[in-house]
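Breakdown of the fold
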Amino acid sequence: ALRAEVEGWRGPGATADGLPVKLLANVADGDSAARAAQAPVQGVGLFRTELSFLNRSEEPSVEEQTEIYASVLRPFADAGHVVVRTLDAGSDKPIAFATHAGEENPALGVRGLRLAFDNPGLLERQLDGIAAAASETGVETWVMAPMVATVAEARDFAEQVRARGLKPGVMVEVPSAALLAHRMLEVVDFLSIGTNDLTQYTMAADRMATDLAHLTDPWQPAVLQLIAITAHAGTQAGKPVGVCGEAAADPLLACALVGMGVTSLSMAAAAVRAVGSQVGRVTQRQCEEAAEAALSADDPAGAREAVRGVLLG
Ligand code: PEP
Ligand code: MG
């Protein structure tokens, strides 16, 4: 019966008592965007642009970039907004024409937005391509930067995005950004929490290291605390705060995130029905109780058990 309920779930996302929760898709290219548009989502919460450049030796021209971005935007014409993430090169995603070679510790090196400041033309050309695709398709386009660590970085990025008539935001992937979420929201219009990297940097545990899986777990109470701080800042500022890391695809954790004040959940399209149906089975109050229970637990297992108790009785 549960399976039928999940498969039959049509959206839009909301708790049983009607609190809206935007459910969005994570996409990589035009094909995955077209497939995602068939799922019950209200748009794209994370378009990972760097995935289009992984096997390119040279930077694509602005015209070619425009075509790639437009192919992702087009399926969402009249079907919600699309959040485009600027190049997240470096560390686990080396890009031949951008990444610094020979870094001893690439996860802590020149990656994400840091590369853009190091090579300003690269970011400017990418923003030009995104702006051109947005005007060509007429799709509401938000633009966010990965790996932001300081308010000054967020301000600089936001100015460049606004100059092109688009809506700026930053990802919260570094603990410093979570701790200063309220200040970040003074300069940007939205935040999106990348729990994969936020967990890696909070726990000082490589997200690729399978023998550290007990640490790279978004149910770690320290990670949940940083998410709660970020979501609370969004509630106070009246601005959207989403989650676009793997955590958003876990139906029980998703409810706890909603209870913390997260306003959207972005995930692989295949996970949307299970998450939407679970969120729709519980009330906002239950989500808040789940958040409190998870935040008071000592470890991930305790947090999971406490949240199951609140949400599944
Ligand atoms: C994240 O870090 O959670 C995230 C969504 O970005 P990526 O997985 O692409 O690093
Ligand atoms: Mg990340």
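Residues numbered from 1 in each chain as written. Chains lettered and ligands numbered in written order. Predicted model: local features only at pLDDT ≥ 70, side-chain atom pairs only at ≥ 80, totals over all residues.

Here we take up helix α13 (residues 284-296). Look at α13: 19 Å from first C-alpha to last across 13 residues, which is about the 18 Å you get at 1.5 Å a residue. Buried residues of α13: Q286, C287, E289, A290, A291, A293 and A294, and no others. Its buried side turned inward, α13 meets α10 (221-237), α11 (251-260) and α14 (300-312). (Helix = DSSP H or I, 4+ residues; strand = E, 2+ residues; numbered from the N terminus. Expected span 1.5 Å × (residues − 1). Buried ≥ 20, exposed ≤ 12 C-beta atoms within 10 Å, placed from the backbone. Contact = placed C-beta atoms within 7 Å.)

Turning our attention to the sheet that holds strand β7 (residues 241-243). Taken in spatial order, the 8 strands of this closed barrel run β1-β2-β3-β4-β5-β6-β7-β8, and their pairing is parallel. With strand direction ignored, the average angle separating the axes of adjacent strands in the sheet is 25°. Summarising the sheet, strand β1 (residues 22-27) and strand β8 (residues 264-267) pair through 4 bridges and their orientation is parallel. Of the residues in β8, the one forming a bridge with L24 is S266. Those strands touched by α10 are β5 (167-172), β6 (190-193) and β7, and its axis lies near 160° from that of β6. (Pairing = 2+ DSSP bridges. Axes fitted to C-alpha atoms, helices over the stretch in contact; angles between N-to-C directions.)

On to the nonpolar core. By size, the foremost hydrophobic cluster in this structure holds 103 residues, and its most contacted members are V44, V170, A256, L257 and L265. Looking at this core element by element, the count peaks at 8 residues for α11. Setting aside anything within four residues of it in sequence, one finds A256 in contact with C287, A290, A291, A294 and V307. (Core = buried A, V, L, I, M, F, W, Y, C linked by C-beta atoms within 7 Å.)

Glancing now at the site of ligand 1. In the region of ligand 1, the neighbouring residues are L46, R48, D88, E173, G194, T195, N196, D197, C244 and G245. At the level of elements, β2 (43-48) and α9 (195-203) are the ones that each hand at least two residues to the shell around ligand 1. Per-element accounting of the shell around ligand 1 gives the leading share, 3 residues, to α9. Its residues placed into classes, the shell around ligand 1 shows 2 nonpolar, 4 polar and 4 charged. (Near = placed C-beta within 6 Å. Nonpolar A, V, L, I, M, F, W, Y, C, P; charged D, E, K, R; others polar.)

Between G11 and the following residue, P12, the backbone shows a cis peptide bond with an omega angle of -5°. If you trace the backbone, P12 turns up in the loop between α1 (2-7) and β1. Although it is not a glycine, M147 adopts a positive phi angle of roughly 55°. Locating M147 in the fold gives a position in the loop between β4 (141-145) and α6 (151-162). Since 25 C-beta atoms lie within 10 Å of it, M147 is described here as buried. Phi is positive for A204, close to 50°, though the residue is something other than glycine. Its place among the elements puts A204 in the loop between α9 and α10. The exposed category is assigned to A204, around which 9 C-beta atoms lie within 10 Å.

Let's shift gears to the UniProt feature "binding site: phosphoenolpyruvate" (unreviewed entry) in the protein. Residues annotated by UniProt as "binding site: phosphoenolpyruvate" (unreviewed entry) correspond here to R48, R85, N196, D197 and R207. By the element assignment, R48 lies in strand β2. On the basis of neighbour counts, which here come to 18 C-beta atoms within 10 Å, the residue R48 falls in the partly exposed class. For R48, the residues in contact, after removing those within four places along its chain, are A28, R85 and D88. As for its placement among the helices and strands, N196 is situated in helix α9. Overall, N196 belongs to the partly exposed group, with 17 C-beta atoms counted inside 10 Å. Here N196 is in contact with R207, G245 and E246, once residues within four sequence places are set aside. (UniProt positions renumbered as here; feature names shortened; annotations may be inferred.)

A few words now on helix α5 (residues 120-137). Given 3.6 residues per turn, any residue in an α-helix points the same way as the ones three and four places further on. Between its first and last C-alpha atoms α5 spans 26 Å; for 18 residues at 1.5 Å apiece the expected length is 26 Å, and the two agree. The set of residues buried in α5 consists of L123, Q126, L127, G129, I130, A131, A133 and A134. Buried residues along α5 sit in contact with α3 (62-73), β3 (81-85), α4 (113-118), β4 and α6. Following α5 by one or two positions, G138 has its phi on the positive side, about 70°.

Attention now moves to the environment of I229. By the element assignment, I229 lies in helix α10. According to the C-beta neighbour criterion, I229 is partly exposed, with 17 such atoms within 10 Å. Each C-alpha atom, one on I229 and one on L179, is 6.8 Å from the other, the two residues being 50 residues apart in sequence. Aside from chain neighbours lying at most four places away, what touches I229 is A178, L179 and A181.

Now for the confidence of the model for the protein. When pLDDT is averaged along the protein, the result is 96; 100% of the residues meet or exceed 70. In the model output, the complex is listed with pTM 0.97 alongside ipTM 0.99. (pLDDT = per-residue confidence, 0-100.)

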